[in-house]
Amino acid sequence: MLRRSRLPSITALHCFEDVRRHLSCARAAEELNLTQGAVSKQVAQLEELLQHLLFRRVRRRLQMTPAGDLYLVEVRKIL
């Protein structure tokens with residue numbers, strides 16, 4: 001169980017969901033009015049917190065991992 005101090009931020013969850021929808025940090029950043037680096041960092045911190053990769057990076061493209069698919073179901077319930 002995650003302690004309260006180790007819960008993901010709402011911003012991180014929005015970043016994850018938008019990156020999933022667009023399969024692009026750049027497009028998600030545009031939608032969220034953030035920089036690409038900020039969105040990428042939020043997703044990386046979320047992956048570190050969960051200790052699972054949520055996306056595979058393949059030739060400058062993103063693909064969802066099975067763990068990402070499962071997490072998306074939970075994130076959508078929260079958002």
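Residues numbered from 1 in each chain as written. Predicted model: local features only at pLDDT ≥ 70, side-chain atom pairs only at ≥ 80, totals over all residues. Heavy atoms only, no water.

## Thoughts on the layout of surface pockets
When its volume is computed, the largest pocket comes out at roughly 250 Å³. Taken together, Leu 23, Ser 24, Cys 25, Ala 26, Gln 36, Ser 40, Arg 57, Arg 60, Arg 61 and Leu 62 form the lining of the largest pocket. For the lining of the largest pocket, the elements supplying multiple residues, two or more each, are helix H2 (25–32), helix H3 (36–50) and strand S2 (61–64). Of the residues in the lining of the largest pocket, the class split is four nonpolar, three polar and three charged. (1 Å grid on protein atoms, 1.4 Å probe; cavity = no way out; pocket = protein on both sides within 12 Å on 5 of 7 lines; lining within 4 Å. Points joined across faces, edges and corners; volume = space filled by probe spheres on them. Helix = DSSP H or I, 4+ residues; strand = E, 2+ residues; numbered from the N terminus. Nonpolar A, V, L, I, M, F, W, Y, C, P; charged D, E, K, R; others polar.)

## Brief notes about the pattern of salt bridges
On inspection of all chains with the given rule, the structure shows six salt bridges. Salt-bridge contacts for Arg 21 lead to Glu 17; the nearest nitrogen and oxygen are separated by 3.1 Å. Remark: Glu 17 and Arg 21 occur in helix H1 (residues 10–22); sequence separation between them is four residues, near one turn of the helix. Across the pair Glu 74 and Lys 77 runs a salt bridge whose closest N-O atoms are separated by 3.4 Å. One end of the pair is Glu 74 and the other is Lys 77, both in helix H4 (residues 66–78) and three residues apart, which spans about a single turn. The exposure class of Glu 74 is partly exposed, given its relative accessible area of 40%. Owing to a relative accessible area of 60%, Lys 77 belongs among the exposed residues under this scheme. Taken together, the salt bridges that share partners define one network made up of Glu 17, Asp 18, Arg 21, Glu 31 and Arg 76. (Salt bridge = Lys/Arg side-chain N within 4 Å of Asp/Glu carboxyl O. Buried < 20%, exposed > 50% of the residue type's maximum accessible area, 1.4 Å probe, protein only.)

## A few points about unusual backbone geometry
Positioned with a positive phi, Gln 51 is a non-glycine residue whose angle comes to about 60 degrees. Within the secondary structure, Gln 51 is located in the loop between H3 and strand S1 (55–58). The class of Gln 51 is exposed, set by a relative accessible area of 71%.

## Considering H2
Among the residues making up H2, those that are buried are Cys 25, Ala 28 and Ala 29. All buried residues of H2 fall inside an arc of 100 degrees around its axis, so they share one side. Counted as exposed and oriented over 90 degrees from the buried face of H2: Arg 27 and Glu 30. Residues of H2 that are buried in the fold lie against H1, H3 and S2. (Arc of directions from axis to C-beta. Contact = heavy atoms within 4.5 Å.)

## Some details on the pairing of S1
Relative to S2, S1 is paired through four bridges, and the arrangement is antiparallel. By the bridge assignment for S2, Arg 57 is matched with Leu 62. Here S1 folds back onto S2 in antiparallel fashion, the turn holding two residues, of which Arg 59 has a positive phi close to 45 degrees. (Pairing = 2+ DSSP bridges.)

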